Structure formats: C-alpha cells, structure tokens
Amino acid sequence: MSHQAKQLRYVRPESGFDLDTYAADQIDQIRDQVGDSKVLLALSGGVDSSVCAALLAEAIPGQLTCMFVDTGLMRLHEADQVEAAFADRNVNFVRVEAEDRFLAKLAGTTDPEAKRKIIGEEFIRVFEEEAAKLGDIPFLAQGTIYPDIIESGGGAHGDTIKSHHNVGGLPEDVNFEALVEPLIGLYKEEVRALGKQLGLPEYLYTRQPFPGPGLSVRCIGEVTKPRLDTLRLADAIVREELDALTTPPKQYFAIITNSMSTGVVDDTRVYAPVICVRAIDTVDFVTAEYVQLPHSLLSKISQRITSEVPGVSRVVYDITSKAPATVEWE
Ligand code: XMP
C-alpha cells in the first residue's frame, strides 16, 4: 500500500488542538482504528517515539510491541540507555541489532537525500522481517509530528526542504495494513507537554531532538563505522559540556565534516577530519539562532576533542542561524 499520498496531504487544523483532551481523544481514535489487532511501534528512544509509546501503551495495553532497531547510527551508549529505559515498562520490547545491515546499505553513498531514503527503506524492511517473526501485526505506529510533514512538503504551503526518514523515505510497497500516527498534528512542545501528562520520566520528554536518520546526517560524506566512532566520541564531549549549563541550548551536537586538515599530534603531522560543533536555540525548529557560547567553553570543548578523540585535526564552531542554514548539516 502507499502511505505517502495520505501523509503528505495532512494539514493541521487552524484552531490547533486542546491538549487537555488530546490524549483521551487519541486513545479513543487509536482503539477505533486498531480494534483488538496488534501494533508495532518504531521506538527510537527520542521524544516523539517515546511519547507515542506512552500513548499507545495507555490505549491498547497488551497489544503493543515496541521495536528498537539499533542502526549503528545512535549516539554513544544510546542503544543500551534506550533498552534500559523501557526494559521495565508494560510493553513488549524487542531490540534488533542491525548495525551491519545499515552500514552495508550506506557504503559508498554520500548524497544526503539518498542516505535518508536508504535508511527509511531499511527501517521498514527490518520492521517487516521482525514483525513477521512476531506473528500477525497489521499496524505500524510512528511518532511522526507536524514539522516532519511540513518539511517533507506536506503542510499547507510546502515544497520539500528535506525528506524526513519517516515520511518521504517510506517505500511504496510497505506490508503493513495501515499506519498509526497519533502525534501527526502536533508541534514539538506539544509533544513534550503530552509526555509530561502521560507520566513519562522528565529526561525522556525534555531531551533534545535527534533526527530519525541518526548520526548519518551528521557524518558528512560516507558513513563508515570508524567515522561514526570518531563522531560519537566528539559528540559525547559536546553534550557533556553543554548539559552542564544552567540553561542548555535547545539542541547541540557535533558533526564530522568531509573536510580534512593538517594537525600535529605527538610531534607528527596528521591529515585528519575537521569536527564542527553546533548549538542552537529555537522556539519551533522552523527557525533557529546559533548560540553565542562563551569562548572559554568553546576552548574547553576544542581542547577536549583534540586531546581525547583520536583522528581529529581541528574543531570549528558553526555560527549560522536557520535560515539560511538548517539545523542539521544534511
Ligand atoms: P533542520 O535540519 O531541518 O532540523 O533545520 C530541524 C529539526 O528537525 C530535526 N531533523 C530531523 N528529524 N528526521 C527527523 O526525525 C530527519 O530526517 C531530520 N532532519 C532534521 C533536527 O535535528 C532539528 O531538530
């Protein structure tokens, strides 16, 4: 079946939503839509899919399987953290180790849109295969939210800016009967508010967004395990330093660029990748300002990355707002 026509037509009602009744309304709608069938949820551990899981767990307890695919494109230790966060919840949690598969499919690809499409398709293929092992699961739930739709060209006025992996990247011949997307009309802050209402732990509904295609969109050029490992270590340093601020920016992370530069490590010249640090503040992620971090903090981050992460020659800071730049580099 083709979901794309349906998804790309979605337009949020002008009056918005009443968040006091949103959860109850969605719970009714989910029950109407799925009856007593089983639902498979793509759980990434991000805000959107976590809130989606909480809503579905309330609506259809016992019918929900949360599948977490370890794509190999997650941040440092993230896969283990997601597993730990959901291990004790009242859902059927399945972890799929798929790093080798994703990296094999991505090998040699450098075009950003091609990467997104490969990842979107591979996600669905993994779900189909794993769902088949679980028996009859006709519904696939996704934590798609309204900005995903707008940026994929599906809002009221949309040209495609980027295809989001969970919208533009869906293949045409998906084997699920239908999608369940209970957050599709919501903006991010509304999703967080809903997460709070549903009693999720604060760290799950306040965490900064992380793109569906994961670190692939922050690994400029070819996505390989060594490059991802370098990025993961640099990114962990950026997050550790900025997490410690009293009011951290809305989103902050590292990018491994496809620029190489010369450096000197232990008196030896090296020619190695340039790491970029990005930190932005925003209200709605439709526009964003780069954050004027103190130079002392930037220096500390730079020193830590160049001394603690092997194979980095240089660290730069991105001082571009959105627009003209997007938040992610790809
Ligand atoms: P951009 O780069 O479009 O990012 O200014 C805006 C927000 O969306 C996140 N983002 C994505 N999220 N799939 C996602 O689920 C994607 O393909 C994707 N691309 C960007 C980005 O991290 C930022 O919060």
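Refer to the structure above for everything that follows.
Residues numbered from 1 in each chain as written. Predicted model: local features only at pLDDT ≥ 70, side-chain atom pairs only at ≥ 80, totals over all residues. Heavy atoms only, no water.

Q: Looking at this model, I keep getting lost on helix H11 (residues 295-308). Mind explaining?
A: Side chains that are three or four residues apart share a direction in an α-helix, a result of its 3.6 residues per turn. The end-to-end C-alpha distance of H11, which contains 14 residues, comes to 19 Å, matching closely the 20 Å that a straight helix rising 1.5 Å per residue would cover. Residues of H11 that are buried include every one of Leu297, Leu298, Ile301, Arg304 and Ile305, and no others. Down the axis of H11, the sector holding all buried residues measures 130°, keeping them to one side. Seen from the buried face of H11, the exposed residues on the opposite side, beyond 90 degrees, are His295, Ser296, Gln303 and Ser307. On its buried face, H11 is in contact with helix H10 (225-243), strand S7 (268-281) and strand S9 (314-317). (Helix = DSSP H or I, 4+ residues; strand = E, 2+ residues; numbered from the N terminus. Expected span 1.5 Å × (residues − 1). Buried < 20%, exposed > 50% of the residue type's maximum accessible area, 1.4 Å probe, protein only. Arc of directions from axis to C-beta. Contact = heavy atoms within 4.5 Å.)

Q: Would you mind showing me how to read the side chain of arginine 218 here?
A: Summarising the element assignment, arginine 218 is placed in the loop between helix H9 (202-206) and H10. Since its relative accessible area comes to 1%, arginine 218 is described here as buried. Ignoring sequence-local partners within four residues, the contact set of arginine 218 consists of Pro209, Phe210, Pro211, Leu231, Gln251, Phe253, Ala254, Ile255, Ile256 and Glu328.

Q: Explain the packing of aromatic side chains to me, please; I cannot follow it from the model alone.
A: By the definition in use, this model includes five aromatic pairs. Considering the side-chain rings of phenylalanine 17 and tyrosine 22, the 5.2 Å spacing of their centres and the 85° angle between planes classify their relative orientation as edge-to-face. Between the aromatic rings of phenylalanine 68 and phenylalanine 93, the centroid separation amounts to 6.4 Å while the plane-to-plane angle is 25°, which identifies the pairing as stacked. A residue pair is termed long-range when its members are at least 10 positions apart, and phenylalanine 68 in strand S2 (residues 64-70) and phenylalanine 93 in strand S3 (residues 92-97) qualify at 25 residues. On the basis of relative accessibility, which here comes to 19%, the residue phenylalanine 93 falls in the buried class. (Phe/Tyr/Trp six-rings, centres within 6.5 Å; stacked < 30°, edge-to-face > 60°.)

Q: Quick question: what am I supposed to make of the nonpolar core here?
A: Nonpolar side chains in soluble globular proteins generally cluster together in the buried interior. Counting residues in each nonpolar core, the largest one holds 47 residues, and the members touching the most others are Val69, Phe127, Val238, Leu242, Leu293 and Ile305. When neighbours within four sequence positions are excluded, isoleucine 305 is seen to be in contact with Ala234, Ile237, Val238, Ile275, Val277, Val312 and Val315. One finds Val47, Phe86, Phe93 and Leu204 within the second-largest nonpolar core, a separate group that totals 41 residues. (Core = buried A, V, L, I, M, F, W, Y, C linked by side-chain atoms within 4.5 Å.)

Q: For this particular structure, what's the right way to read the pairing of S7?
A: Each regular strand carries side chains that alternate between the two faces of the sheet. Two strands pair when backbone bridges link them, and strand S6 (residues 251-265) and S7 are joined in this way by 12 bridges, in the antiparallel orientation. The partner of glutamine 251 across the bridge, within S7, is isoleucine 280. A loop of two residues connects S6 with S7, the two strands running antiparallel in sequence, and aspartate 266 in this loop sits at a positive phi of about 50°. Where S7 and S9 come together, four bridges link them in parallel fashion. (Pairing = 2+ DSSP bridges.)

Q: Would you mind going over the pattern of salt bridges with me for this structure?
A: Any two side chains of opposite charge can pair if their charged atoms end up close together. Applying the stated criterion across every chain, the model contains 26 salt bridges. A salt bridge links arginine 207 to glutamate 78; its shortest N-O distance comes to 3.7 Å. Here arginine 207 is found in the loop between H9 and H10, whereas its partner glutamate 78 is found in helix H4 (residues 78-87), with 129 residues between them in sequence. We classify glutamate 78 as buried; its relative accessible area is 3%. The salt bridge partner of glutamate 122 is lysine 105, with a shortest N-O separation of 3.9 Å. (Salt bridge = Lys/Arg side-chain N within 4 Å of Asp/Glu carboxyl O.)

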